[in-house]
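Listed below, chain by chain, are the residues.
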Amino acid sequence: MRLASTILLLLSLGSLVAQTTFVPLDRFSTWTVERQLDTSASDFHPEIKPYSAWSVESVGIRMSNRGGIMDRIGEKQEVNGSYAEVCPRVNATGFYQSGSSKSFSLESHIGAGVYAGYKGKLMLNGDILAGYNEPVKYIDKITDSLNMVPGFGPANRQGGYGFNQSTFSLSWKPGRLVELHAGRGKHFIGEGYRSLFLSDYASNYNYMRTDVSVWRIKYMVLFTQMKSAQGYPQKIDPKINKYSTMHYLSLNITKWWSVGAFEAVVWESEDSVQNRQLDINYFNPIIFFRPIEYSIGSSDNSLLGFSSTIRPIKGLTLYGQLMLDEFYWQDVVAPIYARINPDSAIGTGSWRNKQSMQLGIKIHNLADWKNSTIIAEMNVVRPYMYSHGNSNQNYMNFTQPLAHPLGSNFIEWLTFVAWQPARNWGFLWSATYSRKGYSTITKQAGEDPNISSAYLSNATEFGYYQLQGKLIDVANIRLQASYTIIHSWNLRAEASVHYRLERTSSSVNEVVMLSLGLRTAMWNEYRNL
């Protein structure tokens, strides 16, 4: 009764005309923006998310009150005026799952968001919420293994799982070319449904972000403070700080072709030698991290990535990402040489082959099918990718991956079809399939970046292959329907039916899940795991 009263109180709050700094990371919101863009990519860089209000309005897409997206208008709009507002954050979703001793499950949270702005130059956003989940069986298994509520934060066991989350951003646009953001939240880099660079799956982290746009170039610099769980897998305590610096450069070479370069370095706040905290060596925004690593004699975790996007015709996008954690050319081409010279002593399957790759196609408004988006995507991630010899420097926040939710040592195919036939209605059909190799008693398969890879230094160098270990196949087919009740809050009534199959060499587990709920859709939910 108290929860219901609180929800009614939040929903009854009055508000002034306002808008959020960023377009919500929710897929329907970002795809709505993408569908309104022209064929030309020269004025916008859609792979850098969340989109700021300034960036989308600079290409003629107006943000409605409190962050909703209005129809494209002919002239460019500016974010002007001063405002302040309080909005609700709610989720009350019930689940029924077949074949389980506990048929009914619940996911819930409640909170509030605050927005304020001053004369189009300064924006302030903040959200705080508290929640309680009794999730469906497979999500419960993930939550228990990570000691984290996926996408949120540490799980406080109390029958189910209690959790809380805070989001904050202070943004300033000092000039036409520069945006400065600082706060606590998430980011996403990529054109696809998944990202192998940086995704929004992990929980929130503290950050400082700078976006610079010049000509056909956009350059993002992201400094972050995250947490490392030293006691994993038994527990997530004690937690210590770790830091990262990330750079992403996007260049629209032509109106139809763009390329990107990504680099990141992760370091722990303290080690046995020194208390580093923020390392000034990595604060230079225009550097490559490898030379800096060598110059300071560090063993920090560096990653390098490349992306390419082609838009041959209006509405069609071909995209790809390549991420390198370790790269030794002789190890990459060793299988080719070994096939040419089968009698040679060339070793193959080096554990140092830590790479990942993504290829995908995205179509908006296919054959005049208005307000539709279709995605087909493949992701391949090799064993030990994103891990590090020092587990405090892995590419994770707490115990959650910063890139792909499945971690490493897997292949994945996915297809999405989204359609918004009317302003209030939205439908999403998805099908995903993944095959992942897991560790056994006799062999560590490198599927979990949380696990230190230090032991590999003293192990055999070769003989580590894609999908090594115990194979588990997972297929998901899901249909979701939503009705937006209040656009300015992204408040939706949602219903779904979800079929999930999990198969090993010795067992098959099938489950059908039904859901019905009400939520403010500000974040993505990753249920296709």
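Residues numbered from 1 in each chain as written. Predicted model: local features only at pLDDT ≥ 70, side-chain atom pairs only at ≥ 80, totals over all residues. Heavy atoms only, no water.

## Considerations on the overall build of the chain
Next up, step 1: Counting its regular elements, the chain contains seven helices and 23 strands.
Next up, step 2: Expressed as a percentage of its 529 residues, the buried residues of the chain come to 55%. (Helix = DSSP H or I, 4+ residues; strand = E, 2+ residues; numbered from the N terminus. Buried < 20%, exposed > 50% of the residue type's maximum accessible area, 1.4 Å probe, protein only.)

## Quick look at the packing of aromatic side chains
Next up, step 1: On inspection of all chains with the given rule, the structure shows 18 aromatic pairs.
Next up, step 2: Relative to Phe163, the ring of Phe152 has its centre 4.8 Å away and its plane inclined at 45 degrees; by these criteria the two rings are tilted. On the criterion of sequence distance, the pair formed by Phe152 in the loop between α4 (137-146) and β5 (156-158) and Phe163 in strand β6 (residues 160-175) is long-range, its members being eleven residues apart. When sorted by exposure, Phe152 lands in the same class as Phe163, which is buried.
Next up, step 3: Taken together, the ring pairs connect Trp369, Trp419, Trp425, Phe427 and Tyr483 into an aromatic cluster.
Next up, step 4: Stacked on the ring of Phe188, the Lys or Arg Arg27 has its end atom at 5.1 Å from the ring centre. (Phe/Tyr/Trp six-rings, centres within 6.5 Å; stacked < 30°, edge-to-face > 60°. Lys NZ or Arg CZ within 6 Å of the ring centre and 35° of its normal.)

## Considerations on the pairing of strand β20 (residues 425-438)
Next up, step 1: In this structure, strand β19 (residues 410-419) lies alongside β20, joined through ten bridges in antiparallel fashion. Bridge pairing in β20 places Ala418 opposite Leu428.
Next up, step 2: With antiparallel pairing between neighbouring strands as the criterion, β19 and β20 make up a hairpin whose turn holds five residues.
Next up, step 3: Summarising the sheet, β20 and strand β21 (residues 470-486) pair through 14 bridges and their orientation is antiparallel. Within β21, the residue paired with Ala431 across the bridge is Ile477. (Pairing = 2+ DSSP bridges.)

## Here we look at empty space enclosed by the protein
Next up, step 1: Enumeration over the complete set of coordinates arrives at seven cavities of 30 Å³ or more.
Next up, step 2: For the largest cavity, the calculated volume is near 370 Å³.
Next up, step 3: Around the largest cavity, the lining comprises 25 residues; the ones closest to its centre are Glu107, Pro150, Phe152, Glu525 and Arg527.
Next up, step 4: Only β2 (83-97), β3 (104-118), α4, β6 and β23 (508-520) provide two or more residues apiece to the lining of the largest cavity.
Next up, step 5: Of all the elements, β3 adds the most residues to the lining of the largest cavity, at three residues.
Next up, step 6: A breakdown of the residues in the lining of the largest cavity according to their chemical character gives eleven nonpolar, eight polar and six charged. (1 Å grid on protein atoms, 1.4 Å probe; cavity = no way out; pocket = protein on both sides within 12 Å on 5 of 7 lines; lining within 4 Å. Points joined across faces, edges and corners; volume = space filled by probe spheres on them. Nonpolar A, V, L, I, M, F, W, Y, C, P; charged D, E, K, R; others polar.)

## Side note on the pairing of strand β4 (residues 122-134)
Next up, step 1: Of the pairings in the sheet, the one linking β3 to β4 comprises 13 bridges and is antiparallel in character. Paired with Val114 across the strands is Gly126, a residue of β4.
Next up, step 2: Remark: three residues form the turn of the hairpin made by β3 and β4, two consecutive strands paired antiparallel; Lys119 in that turn has positive phi of roughly 50 degrees.
Next up, step 3: Bridge count between β4 and β6: twelve bridges; the pairing is antiparallel. What sits directly across from Ala130, in β6, is Asn164.

## A closer look at the side chain of Thr32
Next up, step 1: Relative to the elements of secondary structure, Thr32 occurs in helix α2 (residues 27-35).
Next up, step 2: Classification of Thr32 as buried rests on a relative accessible area of 18%.
Next up, step 3: A polar contact is formed between the side chain of Thr32 and the backbone oxygen of Phe28, at a distance of 2.6 Å. (Polar contact = N/O pair within 3.5 Å; in protein donor to acceptor, adjacent residues only side chain to side chain.)

## Side note on α4
Next up, step 1: Among the residues of α4, Tyr138, Ile139, Ile142, Thr143 and Leu146 are the ones counted as buried. Looking down the long axis of α4, one finds its buried residues gathered within 140 degrees of arc, a one-sided arrangement. Every exposed residue of α4 that faces more than 90 degrees away from the buried side is listed here: Lys137 and Lys141.
Next up, step 2: Note on α4: the residue one or two positions beyond its end, Asn147, has a positive phi of about 60 degrees. (Arc of directions from axis to C-beta.)

## Considering the pattern of salt bridges
Next up, step 1: Under the defined criterion, the tally for this structure stands at 17 salt bridges.
Next up, step 2: Between Lys49 and Glu34 there is a salt bridge, with the nearest N and O atoms lying 4.0 Å from each other. Pair noted here: Lys49 is in strand β1 (residues 48-49) and Glu34 is in helix α2, with a separation of 15 residues, a long-range link. Judged on exposure class, the residue Lys49 and its partner Glu34 are both buried.
Next up, step 3: Residue Arg519 pairs with Glu525 through a salt bridge whose shortest N-O separation is 3.7 Å.
Next up, step 4: Residue classification places Arg519 among the buried positions, given a relative accessible area of 9%.
Next up, step 5: A relative accessible area of 28% places Glu525 in the partly exposed class. (Salt bridge = Lys/Arg side-chain N within 4 Å of Asp/Glu carboxyl O.)

Any functional reading would require information that these geometric values do not contain.
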